[in-house]
Amino acid sequence: MRPIPLLLVLIGLGTFSNCGQPDPLQVRVTVVDRPSAQPIDSAGVVLFRIFQDQDTLVLDTQWTAATGTVTLTWQPETGFAYEAMAFRRHYREVLHPSGGYYEHWAPVPPEDTSAVVLYLEPIPPPDPERYERMHAEVPLSEVLLTLKTDQWAWTFLPRLGWDDIPGLLEAGRDTGHVAAYPRHPLSTYRPDSARVGLVALWLIEAIRRREAAGSEAGNLMPPSRAPVLGTRRGNPSGYNTPAQVRQAQAAYQTWWDGLQSLEDPRSGARRNPLSGSGYSWM
């Protein structure tokens, strides 16, 4: 029996090892200056791999050429989603006119390898009125009415403060559902609905964290991806039930009542109201 040449053995092994592997995907990404519609050179483009909105992994980072384009190549994996994000020094993200999402970040569907366009805009000189426009200063009564009537439309959180906590605590008892509610604008975690009471407690958490950071006048930032409670192991079955809303409201009420005996109640902002409850914000 004649021996098989080593070269043929290696070719055969290589063919066998690639059997069943999907071909690498390739997508061209273009980064554009939104105001001028001109391509942006030397912009960074990051490719992310995402699994069930939980684990995010950076797969690659490339830099655009003078044409504003870059080509991303990766090996697709079953069950994962892919997204691309653009950034550049002296540029910032662009909010879509609808206010629903940012245009510097976009999904890259594995089944669609067509070109992706991402947008950035130059950072303008300081504008003292920009903060006023972005963060609405409205009374708590209007905020709660907008929430309870399912008409929430603010992209950024209104400028609520420490003195609004009692009113939010009262609203924290509401177990009704709403489809329009605040969330982190960059998060892809978007439950179909949220409990009114948990939204109110979520806003308290945002106020508490800002106060704990030592700045009452700073922006009110989302304390998590969405006003949804989970456990250390993730979302339990039947999450955000009326019973859970009542438990969370009681925890925040206990926290607030305990602060009133302090010489400076605001000094207790660093205390986590959910500590020991088994819950945390998702």
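Heads up: these notes are all about the structure in this document. In this text the structure is predicted, and so the values were computed from the model without any measurement.

Here we take up the packing of aromatic side chains. Summed over the entire model, instances satisfying the criterion amount to 9 aromatic pairs. With centroids separated by 6.1 Å and ring planes inclined at 75°, the aromatic side chains of Trp162 and Trp255 adopt a geometry described as edge-to-face. You can see Trp162 sitting in the loop between helix H3 (140-148) and helix H4 (165-171) and its partner Trp255 sitting in helix H6 (residues 242-259), a full 93 residues away along the chain. As far as the burial class goes, Trp162 and Trp255 line up, both buried. Looking at Trp255, the relative accessible area reads 7%, which means it is buried. Through pairs of rings, three or more aromatic residues link up here, namely Trp162, Tyr252, Trp255 and Trp256. The positively charged end of Arg49 is found above the aromatic ring belonging to Phe80, 4.1 Å away from the centroid. The positively charged end of Arg225 is found above the aromatic ring belonging to Tyr189, 4.4 Å away from the centroid.

Tracing the backbone through its elements, the reader meets Thr30 in strand S1 (residues 25-33). Sequence-distant contacts of Thr30, defined by excluding residues within four places in its chain, comprise Thr67, Gly68, Thr69, Val116, Val117 and Leu118.

For the coordinates displayed, the defined rule picks out 7 salt bridges. Between Arg92 and Glu121 there is a salt bridge whose closest N-O contact spans 2.7 Å. With Arg92 in strand S7 (residues 91-93) and Glu121 in strand S9 (residues 116-122), the pair connects residues that are 29 residues apart, well separated along the chain. Each of the two residues, Arg92 as well as Glu121, counts as buried.

Let's shift gears to unusual backbone geometry. Positive phi values are uncommon outside glycine, yet Ser42 reaches one of about 60°. Tracing the backbone shows Ser42 in the loop between strand S2 (38-39) and strand S3 (44-51). According to the relative accessible area criterion, Ser42 is partly exposed, its value standing at 38%.

With respect to the helices, strands and loops of the structure, His104 is situated in the loop between S7 and strand S8 (105-107). For the pair His104 and Arg34, spaced 70 residues apart in sequence, the C-alpha to C-alpha distance is 10.0 Å. With residues near it in sequence (within four places) discarded, His104 still touches Ala84, Met85, Ala86, Glu93, Val94, Leu118, Tyr119, Leu120 and Leu186.

Over its 18 residues, H6 extends 26 Å from the first C-alpha to the last, a length consistent with the 26 Å expected when each residue adds 1.5 Å. Those residues of H6 not exposed but buried are Gln244, Val245, Ala248, Gln249, Ala251, Tyr252, Trp255, Trp256 and Leu259. Down the axis of H6, the buried side of the element spans an arc of 155°, and every buried residue falls inside it. Summarising the geometry of H6, the exposed residues directed more than 90 degrees from the buried face are Arg246 and Thr254. Turning to H6, the residues buried within the fold contact H4, strand S11 (194-195), helix H5 (196-212), strand S12 (229-230) and strand S13 (280-281).

Cut-off values and rules
Residues numbered from 1 in each chain as written. Predicted model: local features only at pLDDT ≥ 70, side-chain atom pairs only at ≥ 80, totals over all residues. Heavy atoms only, no water. Phe/Tyr/Trp six-rings, centres within 6.5 Å; stacked < 30°, edge-to-face > 60°. Helix = DSSP H or I, 4+ residues; strand = E, 2+ residues; numbered from the N terminus. Buried < 20%, exposed > 50% of the residue type's maximum accessible area, 1.4 Å probe, protein only. Lys NZ or Arg CZ within 6 Å of the ring centre and 35° of its normal. Contact = heavy atoms within 4.5 Å. Salt bridge = Lys/Arg side-chain N within 4 Å of Asp/Glu carboxyl O. Expected span 1.5 Å × (residues − 1). Arc of directions from axis to C-beta.

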